[in-house]
Amino acid sequence: MRNRVTPTGGIVDVPLRGAWTGNRGVLHEGHDIVRFHAGDLWITCVLEFRGRWREQWLPGRYTHLYFHDEAVSFAAGHRPCGECRRAGYTAYRDAWGGEPSATAMNRQLHRERLHRGTHRRRLHELPWTGLPDGVFVRRGDDPELVLGDHLTEWTATGYGTRRPRPTTGTVPVLTPPATIAVLRAGYPVQIDDTAR
């Protein structure tokens, strides 16, 4: 089904399993994705919470989306859910600084992930130095994950080729700057082991 999210924020039909679910509101009609988002609330949720279960693709109900790992969800512009991921949400908010409201974080992330009035992704040209683990950059066709002194390519089948990480210059970055600051402040982002 077309319900897997890429680091660029695209929603695709690939077999890659998700470690997380989440949503951006009601995006579907029937089993078709018909809109990119339905507001500025983009959250990442646990796959199972208190035994709750809801059928996928229900009319008028939010569209379940799936993320390979938390680093992918952050690159796409999502944040931890405040209900099913209370500890993660609190850690993210605390690392943000100043105890912002969920609404304030949503608005800031929305400004940073999309060009206003469009569905086009904003890229942020940033120096290689200071990019923390878990950030996604865009140099070629496939997004790459920053992890230590290397980059790991992300593809529709998962993490792939590893390359040395440049140490000088700048690079277009997918992960919103507010989330980069959260990662720099020590938020423990979940990254699939295959990226290492």
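Residue positions are given per chain, counting from 1 as you read along its sequence in written order. Whole-chain, interface and lining totals are the exception, using all residues; otherwise, since this is a predicted model, local features are given only for residues with pLDDT of at least 70 and side-chain atom pairs are given and counted only at 80 or more. Only hydrogens and water are set aside when side-chain values are computed; all heavy atoms of the structure are taken into account.

> Sorry, what's going on with the overall build of the chain here?
What counts as a helix is a DSSP run of H or I of at least four residues, what counts as a strand is a run of E of at least two, and both are numbered from the N terminus. Of the regular secondary structure elements, the chain holds 4 helices and 14 strands. It is over C-alpha atoms that the radius of gyration is taken, and the globule rule equals 2.2 Å times the number of residues to the power 0.38. Its C-alpha atoms give the chain a radius of gyration of 16 Å, within 12% of the compact-globule value 16 Å for 196 residues. Once the C-alpha set of the chain is aligned to its principal axes, its extents read approximately 50 × 40 × 35 Å. Across the 196 residues in the chain, those meeting the buried criterion constitute 51%. The classification of residues rests on relative accessible area computed with a 1.4 Å probe and restricted to protein chains. Under 20% of the type maximum is buried, over 50% is exposed, and intermediate values are partly exposed.

> Even after reading the chapter, I still don't get the nonpolar core, so can you show me in this structure?
Only buried Ala, Val, Leu, Ile, Met, Phe, Trp, Tyr and Cys residues count toward a nonpolar core, and they belong to the same one when joined by side-chain atoms within 4.5 Å. Membership of the largest hydrophobic core comes to 33 residues, with the highest contact counts inside it found for Leu131, Phe136, Val137, Leu145, Tyr159 and Tyr187. The set of elements that each furnish at least two residues to this core consists of α1 (70-76), α2 (86-96), α3 (102-113), β10 (136-138), β11 (143-147), β12 (150-155), β14 (170-173) and α4 (177-184). We call two residues in contact whenever any of their non-hydrogen atoms come within 4.5 Å of each other. Excluding its chain neighbours within four sequence positions, the residues that come into contact with Phe136 are Pro7, Ala71, Val72, Ala75, Pro143, Glu144, Leu145, Trp154, Tyr159, Val173, Leu174 and Thr175. Listed in part, the 9 residues of the second largest apolar core include Trp20, Trp57, Leu65 and Ala76.

> It is not clear to me how the environment of Cys84 should be interpreted in this structure. Could you clarify?
Its location among the elements puts Cys84 in the loop between β8 (79-80) and α2. A C-alpha to C-alpha distance of 6.4 Å links Cys84 and Val46, two positions 38 residues apart in sequence.

> Please clarify how the packing of α2 against α3 should be interpreted in this entry.
At a minimum axis separation of 12 Å, α2 and α3 run at an interaxial angle of 70°. Comparing their axes, α3 and α2 come out roughly perpendicular. Here Tyr89, Tyr92, Arg93 and Trp96 of α2 lie close against α3, whose contacting residues are Ala102, Met105, Gln108 and Leu109. Partitioned by chemical class, the residues of the contact of α2 with α3 number 6 nonpolar, 1 polar and 1 charged. Fitted lines through C-alpha atoms serve as axes, helices being fitted only where they are in contact, and the angles separating the N-to-C directions of these axes extend from 0 to 180 degrees. Orientation categories follow fixed angle ranges, with anything under 35 degrees roughly parallel, anything over 145 roughly antiparallel, 65 to 115 roughly perpendicular, and all other angles oblique. Each residue is assigned to one of three groups, with Ala, Val, Leu, Ile, Met, Phe, Trp, Tyr, Cys and Pro labelled nonpolar, Asp, Glu, Lys and Arg labelled charged, and all others, Gly among them, labelled polar.

> Can you walk me through the layout of surface pockets in this structure?
If you roll a probe as big as a water molecule over the atoms, it shows you where there is empty space left. Whether a set of points on the 1 Å grid over the protein atoms alone is a cavity depends on a 1.4 Å probe fitting there but being unable to get out, while an open set qualifies as a pocket with protein on both sides within 12 Å along at least five of seven lines; lining residues are those with an atom within 4 Å of a point. Grid points are joined across faces, edges and corners, and a volume is the space filled by probe spheres set on the points. Computed from the structure, the largest pocket encloses a volume of approximately 480 Å³. Looking at the largest pocket, it is lined by 20 residues, and the ones nearest its centre are Thr21, Val46, Leu47, Tyr62 and His64. Secondary structure elements with two or more residues in the lining of the largest pocket: β3 (20-23) and β6 (43-45). The element contributing the most residues to the lining of the largest pocket is β3, with 3 residues. Within the lining of the largest pocket, the residues separate by chemical class into 10 nonpolar, 5 polar and 5 charged.

> Even after reading the chapter, I still don't get empty space enclosed by the protein, so can you show me in this structure?
For the structure shown, the criterion picks out 1 cavity of 30 Å³ or more. Considering only enclosed or pocket space, the largest cavity measures out at about 50 Å³ in volume. Arg4, Val5, Val14, Leu16, Arg17, Gly18, Tyr66, Phe67, His68 and Trp154 together form the lining of the largest cavity. Mapped onto the lining of the largest cavity, the elements with two or more residues apiece are β1 (4-5) and β7 (65-67). Looking at the lining of the largest cavity residue by residue, the class counts come to 6 nonpolar, 2 polar and 2 charged.

> What should I look at first to understand the environment of Gly82 in this one?
Here Gly82 is to be found in the loop between β8 and α2. When its relative accessible area of 22% is taken as the criterion, Gly82 is described as partly exposed. For the pair Gly82 and Arg122, spaced 40 residues apart in sequence, the C-alpha to C-alpha distance is 25 Å.

> Teacher, can you tell me more about the pattern of salt bridges here?
Oppositely charged side chains can form a pair if their charged atoms are brought close together. We count a salt bridge whenever a side-chain nitrogen from Lys or Arg sits within 4 Å of a carboxyl oxygen from Asp or Glu. Scanning the model with the defined rule gives 5 salt bridges in all. As a salt-bridge pair, Glu29 and Arg35 come within 3.8 Å of each other at their nearest N and O atoms. Two residues, Glu144 and Arg163, come together in a salt bridge whose shortest N-O distance is 3.0 Å. Of the two residues, Glu144 sits in strand β11 while Arg163 sits in strand β13 (residues 158-164), which places them 19 residues apart along the sequence. Take Glu144: its relative accessible area is 4%, and that puts it in the buried class. In the salt-bridge network here, residues are joined through shared partners; they are Arg139, Glu144 and Arg163.

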